[in-house]
Every structure is written in structure tokens, then in C-alpha cells.
Amino acid sequence: MDTVFEDLYKKYHQDLFNFLFYMVKNREQAEDLVQEVYIKVLRSYKNFEGKSSEKTWLFSIAKHVAIDFFRKQKSWRKRIVEKFDWGTRQLQDPTPLPEEIAIQNEEIQLMYRCLDKCTIDQRLVIVLRFIQSLSIAETAEALGWTESKVKTTQHRALKVLKAEMETEAAKGGRHHEKI
């Protein structure tokens, strides 16, 4: 089990962290949730039947951990809609994450803020599909949904993102042709 766990850790740790980081938008909380995922993996690996890939199985566990986190938050609705402010976050590691470098790009930062306007389900789909690069089938498997539900949720999420990005861009006096 030790080598299996080590292999899972090496292959998927960064993907799991990135997924949870995009969901909770807090580095320390994402680190805590990743540990929670690994505890669940250790407890349930013997029940893993291999019907799905290890990656989709791990993302399925991470999805449940993220949803449980939001449920436990008294003000989870507020946390989902409030804007993320990098200036107020203390980072343990002074080396920026790839996402933190990308956030400095104005359009990506705008999209990142607008992601808050999506529902949790929509955010799950956007993060898995476009940030983690899972296929529609893999996303459906990880979320325990039908492919049709993933496609519908993705379509709605992209509509919300596009509308919010256009609104935000107009407020800022910027006009983005390719949104």
C-alpha cells in the first residue's frame, strides 16, 4: 500500500491541490483539504475496484471533501460570492504557484473573479474541464454525473462567466473582444 500511495501522491498531488485551491481559493485550506483527501484514500483504497481511473476516483473524493467543506462553513454562500483579494492572503511558500503567476494576467484575473458568480456545480465542472483538463467523460465519472449533466452545467457556467466577464470589463472601461 505504501508504494501505491506514494505513486498516487507523485502522480496526482499537484492536480488535487490545484483543484481544491480553485474551489476554496485559500492555499492553507486547500492544503488541509488535500490531506483530508489522502486520509480518505488510505481508508478506502482497498475498496477501489478499478472501474474508473485512479485520477477520476481521486477527483471524486476531492469533490466530496470540497462540498463537505462548503457545507461546514456557516457563511459558505458569502464565501462563494466574495471577491478574492491576493493582498490579504499570507502565503507560506514565497515561491508563487503557477496559478498565482497566471492570476497576474488581467484577463485571467478577471475570469478568476467571475468564477465566483458560478454555482458550486458550475465551478466544479469549469475547474475539472478547463483547469485540470479532464474530458467530459472523466468529469462525469469524477462527479458521479451523466455526461449530459456535465455538458449542460458546462454550457451554463460558460454563459455565466461570459456575461460576468463582459459586465466586469465594461465597468472597468475595458472591452475584451475575445471573451
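Conventions used here
- Residues numbered from 1 in each chain as written.
- Predicted model: local features only at pLDDT ≥ 70, side-chain atom pairs only at ≥ 80, totals over all residues.
- Heavy atoms only, no water.
- Helix = DSSP H or I, 4+ residues; strand = E, 2+ residues; numbered from the N terminus.
- Buried < 20%, exposed > 50% of the residue type's maximum accessible area, 1.4 Å probe, protein only.
- Contact = heavy atoms within 4.5 Å.
- Areas by Shrake-Rupley, 256 points an atom, 1.4 Å probe, with all protein chains shown as cover.
- Salt bridge = Lys/Arg side-chain N within 4 Å of Asp/Glu carboxyl O.
- Expected span 1.5 Å × (residues − 1).
- Phe/Tyr/Trp six-rings, centres within 6.5 Å; stacked < 30°, edge-to-face > 60°.
- Lys NZ or Arg CZ within 6 Å of the ring centre and 35° of its normal.
- Core = buried A, V, L, I, M, F, W, Y, C linked by side-chain atoms within 4.5 Å.

Asker: Quick rundown of the overall build of the protein chain? Include the residues and the values.
Answerer: Helix and strand counts for the protein chain stand at nine helices and zero strands. Taken from the N to the C terminus, the helices and strands of the protein chain come in the order α-α-α-α-α-α-α-α-α. A total of 179 residues make up the protein chain; the buried ones form 43% of that total. Residue pairs in contact within the protein chain that sit at least 24 positions apart in sequence constitute 69% of those at least 6 positions apart. As displayed, the protein chain offers around 10,200 Å² of accessible surface, 49% of which is attributable to carbon and sulfur atoms.

Asker: Any details on the pattern of salt bridges? Residues and values, ideally.
Answerer: Taken as a whole, this structure holds six salt bridges when the rule is applied. Note that Lys25 and Asp116 form a salt bridge whose closest N and O atoms lie 2.4 Å from each other. With Lys25 in the loop between helix H1 (2-24) and helix H2 (27-44) and Asp116 in the loop between helix H6 (106-114) and helix H7 (120-131), this pair connects stretches of sequence that are 91 residues apart. Of the two residues, Lys25 and Asp116, both sit in the buried class. Put simply, Arg27 and Glu31 hold a salt bridge, and the shortest N to O gap is 3.6 Å. Of this pair, Arg27 and Glu31 both sit in helix H2, four residues apart, which is roughly one turn of that helix. A relative accessible area of 7% means that Arg27 is categorised as buried. With relative accessibility at 27%, the residue Glu31 sits in the partly exposed group.

Asker: Please set out helix H9 (residues 147-171) residue by residue, giving values where relevant.
Answerer: In a regular helix each residue adds 1.5 Å, so 25 residues correspond to 36 Å; H9 covers 36 Å between its end C-alpha atoms and thus fits that length. Within the sequence span of H9, burial applies to Val150, Thr153, Gln154, Ala157, Leu161, Met165, Glu168 and Ala169.

Asker: Mind laying out the packing of aromatic side chains, listing which residues take part and the relevant values?
Answerer: For the coordinates displayed, the defined rule picks out eight aromatic pairs. Considering the side-chain rings of Phe21 and Tyr22, the 6.2 Å spacing of their centres and the 80 degrees angle between planes classify their relative orientation as edge-to-face. On the basis of relative accessibility, which here comes to 9%, the residue Tyr22 falls in the buried class. Here the aromatic residues Phe17, Phe21 and Tyr22 are joined through ring pairs into a cluster of three or more. Here the guanidinium or amino end of Lys149 rests over the ring plane of Trp145, the centre of that ring lying 4.2 Å away.

Asker: I'd love a proper account of the nonpolar core, names of residues and values included.
Answerer: Core analysis: the largest hydrophobic core is formed by 51 residues, its most contacted members being Phe19, Leu20, Met23, Val37 and Val41. Counting only elements with at least two residues in this core, the list comes to H1, H2, helix H3 (54-72), H6, H7, helix H8 (136-143) and H9. Top contributing element to this core by residue count: H1, with 11 residues.

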